[in-house]
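# Descriptive analysis of the structure
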Amino acid sequence: MTKKMKIILGLVVAAGVVAGAISYKNANTTSPEIQEVEEAEKLNPVGPAFNADSALAYCAAQCDFGPRVMNSEAHDKCGEWIVSKFKQFGCEVETQKADLKGYDGTILKNTNIIAHYNPKAENRILLCAHWDSRPWADNDPDSTNWRKPVMGANDGASGVAVMLEIARQLQADKKLNPNIGVDFVCFDTEDWGTPQYVQDDGDTWALGAQYWSENKPEGYNPRFGILLDMVGGQGAKFYREGMSMQYAGGIVKKVWAAARQAGFGSYFPKSDGGMITDDHIPVNEKAKIPTVDVIAYYPDCQQSSFGPTWHTVSDDMAHLDKNVLKAVGQTVIQVLYTEE
Ligand code: AHN
Ligand code: ZN
């Protein structure tokens, strides 16, 4: 074949492929289910703009107290600050205190902080995150850091910061469907779980969420819950978490579709992450509220699948990315504002 003939042949083949693609599209072979998914995932942002700078400042404000380790002054002071912020944003706030026993027998002065936006509405959505920080950086590559506390800029502060910024936006915007109310629950005592250097396991994590779930007020039945855990780390993406899929598969679908509508689908891959022991387990199992965990997952990270700074002394402000806070915050706003 001459060079010219090859070019002509190439053009003919290419034209055929294009024509085929066009006729395929016109044939309307997409199933109703696929059309429905495509519709649900169309770019269509609604609701106020989540301000990532504001959320980042709320992370910094929490870190300025120091690590919010159970039974510490920094912890208690930060708790008062969180309460005052939710009040400032027009929420009705209550605290739920309890003495809980850690894996090591320590009595932990637990304070769950619960803030209600539009408390009179019957149809409610639960947003939650933990606010305590881990007492031991037991996943640090340097073993001399294992007994030092974690600052928890990401693991603790980020989830609370996103909730605070959402509360601020709800108050400023005033356009959320008046039939919908939002409950922000800041769980305490999530991160006193048995350290890796201690031989023991069991139900030692998420003690505040366990307590809240066991003592849920009669008749409190939100439509669903969204847990935010480690939502500000550099390079974070949010894969579909296994236990969320089991307990609340429909809510996973809703949240991951909302991310696409809001324009942040790239942060929410439509693939599966791990199965994670987190605050959402008691909320699903004991409180029976279908709740998904939006938690960072790093499939290629050697240090930890929760990311390079997880439970290390490097979980600080320098390792946050406000674009990640934005992706998560705007996605949650999208979920709230599409609820009917
Ligand atoms: C476990 O490591 C068993 N679960 C992770 C839950 C967690 C800790 N989230 C933040 N810190
Ligand atoms: Zn942690």
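Look up a bit, the structure's there.
Okay, so let's go over this structure. Every chain begins its residue count from 1, and numbering advances along the sequence as written. The naming scheme follows written order: chains are lettered A onward, ligands numbered 1 onward. Side-chain atom pairs in this predicted model are given and counted only at pLDDT of 80 or more, local residue features only at pLDDT of at least 70, and totals for whole chains, interfaces and linings cover all residues. The side-chain figures draw on all heavy atoms in the structure; neither hydrogens nor water molecules are used.

Only nitrogen, oxygen and sulfur atoms within 2.8 Å of the metal, or 3.2 Å for Na, K and Ca, are treated as donors, and water is left out, so sites may look incomplete. Only D155 (OD), D191 (OD), D191 (OD) and H311 (NE2) from the protein reach the zinc ion (ligand 2) as donors, at distances of 1.9 to 2.5 Å. Sequence positions of the donors to the zinc ion (ligand 2) reduce to the motif D-x35-D-x119-H. Of the two residues, D191 is situated in the loop between strand 4 (180-187) and helix 6 (207-214) and H311 in the loop between strand 6 (291-295) and helix 9 (322-338); the sequence distance between them amounts to 120 residues. Side by side, D191 and H311 carry an identical accessibility label, which is buried. The helix and strand labels rest on DSSP assignments: H or I over at least four residues marks a helix, E over at least two residues marks a strand, and numbering proceeds from the N terminus. We call a residue buried when its accessible area falls under 20% of the maximum for its residue type, exposed when it is over 50%, and partly exposed in between, using a 1.4 Å probe and counting protein chains only.

With that settled, consider the packing of helix 5 (residues 153-173) against helix 9. Put simply, helix 5 and helix 9 touch, their axes get as near as 10 Å, and they point 45° apart. Looking at the two axes, helix 5 sits oblique to helix 9. Both helix 5 and helix 9 take part in a crossing whose hand is right-handed. On helix 9, the residues that touch S158, V162, I166, Q169, L170 and D173 of helix 5 are L325, G329, V332, I333, L336 and Y337. Three residue categories are used. Nonpolar comprises Ala, Val, Leu, Ile, Met, Phe, Trp, Tyr, Cys and Pro, charged comprises Asp, Glu, Lys and Arg, and polar comprises the others, including Gly. The residue makeup of the contact of helix 5 with helix 9, split by class, is eight nonpolar, three polar and one charged. For helices, the axis comes from a line fit to the C-alpha atoms of the stretch in contact; other axes are also lines fit to C-alpha atoms, and the angle between any two N-to-C directions lies between 0 and 180 degrees. Reported orientations rely on four angle classes, namely roughly parallel under 35 degrees, roughly antiparallel over 145, roughly perpendicular from 65 to 115, and oblique for the rest. Handedness of each helix crossing follows the sense of rotation of the near helix against the far helix: counterclockwise by less than a right angle gives left-handed, clockwise gives right-handed. In this description, contact between two residues means that some pair of their heavy atoms is separated by no more than 4.5 Å.

This brings us to the site of ligand 1. Residues are classed as near a molecule or strand on a simple rule: at least one heavy atom within 4 Å of it. All residues adjacent to ligand 1 are H130, D155, E190, D191, W205, D229, M230, T277, F306, W310 and H311. Here a polar contact is recorded for every N or O atom pair within 3.5 Å, except that within protein the pair must consist of a potential hydrogen donor and a potential acceptor, and residues adjacent in sequence are included only if both atoms are side-chain atoms. In the environment of ligand 1, a nitrogen atom lies 3.4 Å from a nitrogen or oxygen atom belonging to the side chain of E190. Within the side chain of H311, a nitrogen or oxygen atom sits 3.3 Å from a nitrogen atom of ligand 1. Considered on its own, ligand 1 offers 320 Å² of accessible surface; in the complex 88% of this is hidden by protein. A cavity, in this analysis, means grid points on a 1 Å lattice covering only the protein atoms where a 1.4 Å probe fits yet has no way out; a pocket is instead an open set bounded by protein on both sides within 12 Å along at least five of seven lines, and a residue lines either one if it has an atom within 4 Å of a point. Whether a molecule sits in a cavity or pocket is decided by its atoms, more than half of which must lie within 2 Å of the grid points. Judged by its atoms lying within 2 Å of the grid points, ligand 1 is housed in the second largest pocket. Only the protein chains shown count as cover for residues, and all accessible areas are computed by the Shrake-Rupley method using a 1.4 Å probe.

Before going further, it helps to spend a moment on the nonpolar core. Counting residues in hydrophobic clusters, the biggest one holds 70 residues, and the most contacted among them are F86, L127, I166, F184, F238, V294 and L336. Counting residues per element, this core draws most heavily on helix 5, which supplies ten residues. If near-sequence neighbours (up to four positions away) are discounted, F238 is found in contact with M230, V231, W256, Y267, F268, P269, V294, I295, A296, V324 and V328. For this analysis, a nonpolar core means a set of buried residues of the types Ala, Val, Leu, Ile, Met, Phe, Trp, Tyr and Cys, connected via side-chain atoms within 4.5 Å. Listed in part, the 13 residues of the second largest apolar core include L126, A206, Y220 and I289.

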